[in-house]
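Coordinate analysis (summary)
Below are the chains, spelled out letter by letter.
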Amino acid sequence: MISPQASATASPARARLLETASRIFYADGIRHVAVDRIITEAQVTRATFYRYFPSKEDLVLAHVEQRDRQIRSAVTEAFRSSADPEALLIMMMAGIGAEICGPGFRGCPFINAAAEYHDPEHPVRRAVQAHRTWFRQTVLNLVTAAGCTDSEYTTSVLVLLRDGAMAGGDLDDPAMVREHLMRTVSAVLADGRGTG
């Protein structure tokens, strides 16, 4: 059972558990990682683990929600640097390109989590969907403000590009994927405004 109190509690031990679990989940997957491994690598007791996370599912949910907060915070910070919607879209996609080329990149943590939680009503899957809904709405708002005539279509294409780049960045040459992502984003935006 997912406990909302567990995710609201802050402590160094909880932070260490969450950081350790997030690193392991991202590198090795979620389902087959044992709680014992997380406890050992986080250097906490079993009692400490269960004090903050009554189940592994609570920890997985906290992992997904924390990644969502990190991304939203980074986007909010980027938005302070510009009011130009097209520049902000390019900046968001450039951030994705940088992530793809970063060390240890293993694909999108949200898509990875969704692949392990098939039930759309599971709290982890709902947290993944909440992130995707936020991302899509953010892109739609920027695309509309940038003057794209068919903003729904342009948004859908940009979200597909993001998803494809996240998969391709793990499977193919990340630098090439980043270059193609950025070229295609520019072309899609120009086409959306009727200037392509």
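The written sequence of each chain sets the order in which its residues are numbered from 1. pLDDT decides what is reported in this predicted model: residues at 70 or higher carry local features, side-chain atom pairs at 80 or more are listed and counted, and totals for whole chains, interfaces and linings draw on all residues regardless. Neither water nor hydrogens contribute to the side-chain values; these are computed over all heavy atoms in the structure.

When helices and strands are counted, the protein shows 10 helices and 0 strands. Helix and strand definitions here come from DSSP, where helices need a minimum of 4 consecutive H or I residues and strands a minimum of 2 consecutive E residues; each element is numbered from the N-terminal end. Taken from N to C terminus, the helices and strands of the protein fall in the order α-α-α-α-α-α-α-α-α-α. Burial status follows relative accessibility: with a 1.4 Å probe on protein chains alone, a residue under 20% of its type maximum counts as buried, one over 50% as exposed, and anything between as partly exposed. Out of the 196 residues in the protein, the part that is buried amounts to 44%. Within the protein, contacts between residues separated by at least 24 positions form 69% of all contacts whose residues are at least 6 apart in sequence. When the accessible surface of the protein is split by element, carbon and sulfur atoms take 56% of a total near 10,100 Å². Looking at charge distribution, the protein has the averaged site of its 21 positive side-chain charges lying 6 Å from that of its 23 negative ones. In what follows, residue pairs with any heavy atoms lying within 4.5 Å of each other are defined as contacts. Under the convention used here, a 1.4 Å probe and the Shrake-Rupley method define accessible areas, while residue burial counts only the protein chains that appear. Under this rule, positive means Lys or Arg and negative means Asp or Glu; His and the chain ends count for nothing. A charge is said to be at NZ when it belongs to Lys, at CZ for Arg, at CG for Asp and at CD for Glu.

In this section: the nonpolar core. A general trend in soluble globular proteins is that nonpolar side chains are found buried together. Counting residues in hydrophobic clusters, the biggest one holds 54 residues, and the most contacted among them are Phe25, Ile38, Leu59, Phe135 and Leu158. Here the element with the most residues in this core is helix H8 (residues 123–145); it accounts for 8 residues. Discounting chain neighbours no more than four positions away, the residues touching phenylalanine 25 are Ile30, Val33, Ile38, Lys56, Leu59, Val60 and His63. We call a set of buried Ala, Val, Leu, Ile, Met, Phe, Trp, Tyr and Cys residues a nonpolar core when their side-chain atoms join them within 4.5 Å.

Here aspartate 119 is to be found in the loop between helix H7 (109–116) and H8. Distance and chemistry together define a polar contact, namely a pair of N or O atoms within 3.5 Å, with one atom able to donate a hydrogen and the other to accept it when in protein, and with adjacent residues in sequence counting only for side-chain atoms on both sides. Of the polar contacts made by the side chain of aspartate 119, one reaches the backbone nitrogen of glutamate 121; its length is 2.9 Å.

Next up on the list: helix H9 (residues 151–171). Residues spaced three or four apart along an α-helix point in a common direction, a consequence of the helix completing one turn every 3.6 residues. What a helix should span is 1.5 Å times the count of its residues minus one. Taking 1.5 Å per residue as the helical rise, H9 with its 21 residues ought to reach 30 Å, and the 30 Å between its terminal C-alpha atoms agrees with that figure. Of the residues making up H9, those classed as buried are Ser151, Thr154, Thr155, Val157, Leu158, Val159, Arg162, Asp163, Ala165, Met166, Gly168 and Gly169. For H9, the secondary structure elements touched by its buried residues are helix H6 (85–100), H7, H8 and helix H10 (174–192).

Two rings from Phe, Tyr or Trp (for Trp, the six-membered ring) form a pair when their centres sit within 6.5 Å of each other. Planes less than 30 degrees apart are called stacked, planes more than 60 degrees apart edge-to-face, and all others tilted. One pass over the full model with this rule turns up 3 aromatic pairs. Relative to tyrosine 50, the ring of phenylalanine 49 has its centre 4.9 Å away and its plane inclined at 85°; by these criteria the two rings are edge-to-face. Accessibility expressed as a relative area gives 35% for tyrosine 50, which makes it partly exposed. Grouped by ring-pair contacts, the aromatic residues Phe49, Tyr50 and Phe53 constitute a single cluster. For a ring to carry a charge above it, either NZ of a lysine or CZ of an arginine must fall within 6 Å of the ring centroid while also lying within 35 degrees of the normal to the ring plane. Looking at arginine 31, its charged tip hangs above the ring of tyrosine 117, at a distance of 4.0 Å from the centre. Positioned above the aromatic ring of phenylalanine 135 is the side chain of arginine 162, whose terminal nitrogen or guanidinium carbon lies 5.7 Å from the ring centre.

Each salt bridge in this description consists of a side-chain nitrogen of Lys or Arg and a carboxyl oxygen of Asp or Glu lying within 4 Å of one another. Summed over the entire model, instances satisfying the criterion amount to 13 salt bridges. Among the salt bridges present, the one from glutamate 41 reaches arginine 37, with a minimum N-O distance of 2.9 Å. One end of the pair is glutamate 41 and the other is arginine 37, both in helix H3 (residues 35–42) and 4 residues apart, which spans about a single turn. Under the relative-accessibility criterion, arginine 37 is labelled partly exposed at 33%. Note that arginine 72 is salt-bridged to aspartate 68, the shortest N-O span being 3.0 Å. One end of the pair is arginine 72 and the other is aspartate 68, both in helix H5 (residues 56–79) and 4 residues apart, which spans about a single turn. On the accessibility criterion, aspartate 68 (11% relative accessible area) is buried.

For glutamine 43, which is not glycine, the phi dihedral falls at a positive 60°. Relative to the helices and strands, glutamine 43 is located in the loop between H3 and helix H4 (46–52).

On average, the protein scores 92 in pLDDT, and the residues at 70 or more come to 95%. Across the protein, the secondary-structure element scoring lowest on mean pLDDT is helix H1 (residues 4–8), at 42, and the one scoring highest is H8, at 97. Looking at any residue, its pLDDT shows the predictor's confidence there, from 0 to 100. Across residues 1–8, confidence stays below pLDDT 50; counting only partners more than four residues off in sequence or on other chains, it has 14 contacts.

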